[in-house]
Amino acid sequence: MTDLTPLAPPGPATGAGSDSLGRTSRPVKPTAPLLTRRQKAAIIVRFLIQEGADIPIAALPDDLQSALTQQIGAMRYVDRDTLAAVITEFADELDRMGLIFPGDLAGALTALDGRISPQTAARLRKEAGVRQIGDPWALIRAQEIGALLPILTRESTEVSAVLLSKLPVATAAELLHRLPGAQARRITYAITLTGNVRPDTVDRIGLSLAAEFQTRPTLAFDEDPVARLGAILNISPADTRDEVLTGLDEDDAVFSQKLRKAIFTFAHIPARVAPVDIPRTVREIEQPRLVMALAHARTAGGDLADTAEFILANIPKRMAETLQEEIDETGRVKPKEGEAAMNELVGAIRALGVAGDITFITAEDEDNAVNG
């Protein structure tokens, strides 16, 4: 027969009462019966679940999850007075709570992530033996496509199937698209066999894969040398830029070639910016600075003069005529001032590209246009 005995007798009555002389006493809060903290926790969790709350019980350590589950399974029913007393006590504890600290170094490092330097965080983890990976799959899902693709190319089909199954659908689809057809078919078939994979197996695979990203050394620079040096040379005087590139051609021809592709100067505007985007770009700097840049480019001749004509040919006719008159009135511009004005326009164009307001023409686009 099912045991329907209440878990515990109700606590003291709530509300006002009277003494032997008929005097009314002050209301008293309900107090929880003599329950263990584990029983009270089970009552609170069961109540919150019943009310539709999403409680992240899975985030608890395994032993606490087991203890909570066993306690809930051992209980039968709780009367309303006991429930009210436990909830009141729980609410009072929350009211008295000012701050909650993580309780260990791992939690502290997680709370301070992004607020202390990567070097300090790495040193503290190493000294305390704290594992950096909490949920390994959260770390893996945060990686770029380019970082995940090499894993699929070298890991077994079974591991790759688990990896794709744990990734967002869009990411998994993009990875499959980039794989050779035969390998993609093998992995997709292996996914159909993952129905009986145990959770601990998936966790071990995640820890193994995430460890690769965890152990990568912290780099001093966010951008690679090509991007950093390219940004410097973009605004350097033309003679300095040419001298550096000539020297790199002799010292490291491969790096020099990559650097030349990363450089974007005034002379590159016709090849990198679509004619329809030119009116948008010239509005990004003040007209006197634009006039100075075009005047200097015309005086310099060569590719710079061609760029000036390209800009004037792709803006509204009335605007071009106005600029032409101001250019003629300006005459010769000091080289230093002219280059500064040209770099200002180039900087504005690069900012538009970074913001996604315009799209640069790439070498691949040019090849496709020729072949098409």
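Residues numbered from 1 in each chain as written. Predicted model: local features only at pLDDT ≥ 70, side-chain atom pairs only at ≥ 80, totals over all residues. Heavy atoms only, no water.

(A) Quick look at the nonpolar core. Ranked by size, the top nonpolar core spans 30 residues in total, and within it F266, I269, I278, L294, I311 and L345 carry the most contacts. Of all the secondary structure elements, the ones that give two or more residues to this core are α16 (278-282), α17 (287-300), α18 (302-313), α19 (317-330) and α20 (335-355). When residues of this core are assigned to their parent elements, the largest contribution, seven residues, is made by α20. In this view, I278 contacts I269, V273, F310, I311, N314 and I315; residues no more than four positions away in its chain are not counted. The next biggest cluster of nonpolar side chains, apart from the first, holds 22 residues, and it includes I151, L152, L164 and F213. (Core = buried A, V, L, I, M, F, W, Y, C linked by side-chain atoms within 4.5 Å. Buried < 20%, exposed > 50% of the residue type's maximum accessible area, 1.4 Å probe, protein only. Helix = DSSP H or I, 4+ residues; strand = E, 2+ residues; numbered from the N terminus. Contact = heavy atoms within 4.5 Å.)

(B) Spatial organisation of the packing of helix α12 (residues 225-234) against helix α13 (residues 238-251). For the pair α12 and α13, interaxial distance at closest approach is 10 Å and the crossing angle is 145 degrees. Of the two elements, α12 crosses α13, and the hand of that crossing is left-handed. Every residue of α13 that contacts α12 at L229, L233 and N234 is listed here: R241, V244, L245 and L248. A class-by-class count of the residues in the contact of α12 with α13 yields five nonpolar, one polar and one charged. (Axes fitted to C-alpha atoms, helices over the stretch in contact; angles between N-to-C directions. Left-handed = near helix turned anticlockwise from the far one by under 90°. Nonpolar A, V, L, I, M, F, W, Y, C, P; charged D, E, K, R; others polar.)

(C) Representation of a nonpolar patch on the surface in the model. A cluster of nonpolar residues, F90, L94, M97 and I100, forms a patch on the protein surface that exposes about 400 Å² of accessible area. Relative to the helices and strands, L94 is located in helix α3 (residues 80-96). Exposure remark for L94: the relative accessible area of 45% places this residue in the partly exposed category. (Patch = residues over 30% accessible without salt bridge, like charges linked within 9 Å, V, L, I, M, F, W, Y side chains within 5 Å. Areas by Shrake-Rupley, 256 points an atom, 1.4 Å probe, with all protein chains shown as cover. Salt bridge = Lys/Arg side-chain N within 4 Å of Asp/Glu carboxyl O.)

(D) Expanded view of the packing of aromatic side chains. Within this structure, the stated rule accounts for one aromatic pair. Judged by centre distance (5.3 Å) and plane angle (55 degrees), the rings of F264 and F360 are tilted. A residue pair is termed long-range when its members are at least 10 positions apart, and F264 in the loop between α14 (253-262) and α15 (269-272) and F360 in the loop between α20 and α21 (363-371) qualify at 96 residues. With a relative accessible area of 1%, F264 lands in the buried category. (Phe/Tyr/Trp six-rings, centres within 6.5 Å; stacked < 30°, edge-to-face > 60°.)

(E) Spotlight on the pattern of salt bridges. In this structure the tally under the stated criterion is nine salt bridges. In this structure, D200 engages R204 in a salt bridge whose closest nitrogen and oxygen atoms are separated by 3.5 Å. Residue D200 and its partner R204 are located together in helix α11 (residues 199-214), separated by four residues, close to a single helical turn. Each of R198, D200 and R204 takes part in salt bridges that share partners, so that together they form one network.

(F) Geometry of a negative patch on the surface. The grouping of E321, E325, D328 and E329 at the surface amounts to a negative patch. The residue E325 is located in helix α19 in this model. (Lys, Arg positive; Asp, Glu negative; His and termini not counted. Charge placed at Lys NZ, Arg CZ, Asp CG, Glu CD.)

(G) Representation of helix α7 (residues 145-154) within the structure. When we look at burial in α7, the residues that qualify are I145, A147, L148, I151 and L152. What you see down the axis of α7 is that its buried residues fit within an arc of 160 degrees, all on one side. Turned more than 90 degrees off the buried face of α7, the exposed positions are G146 and T153. (Arc of directions from axis to C-beta.)

(H) Geometry of the packing of α7 against helix α9 (residues 169-178). Put simply, α7 and α9 touch, their axes get as near as 10 Å, and they point 60 degrees apart. As far as their axial angle goes, α9 and α7 are oblique. Where α7 crosses over α9, the two elements pack in a sense that is right-handed. Contact residues: I145, L148, L149 and L152 in α7; T171, E174, L175 and R178 in α9. Residue composition of the contact of α7 with α9, by class: five nonpolar, one polar and two charged. (Parallel < 35°, antiparallel > 145°, perpendicular 65-115°, else oblique.)

(I) Up close: the confidence of the model for the protein. Model confidence for the protein is summarised by a mean pLDDT of 80, while 80% of its residues fall at 70 or above. Per-element mean pLDDT across the protein ranges from 48 in α21 up to 93 in α18. When the criterion is pLDDT under 50, residues 8-28 qualifies, and its contacts beyond four places in sequence or with other chains add up to 28 contacts. Throughout residues 366-372 the model reports pLDDT below 50, and contacts reaching past four residues in sequence, or to other chains, amount to two contacts. (pLDDT = per-residue confidence, 0-100.)

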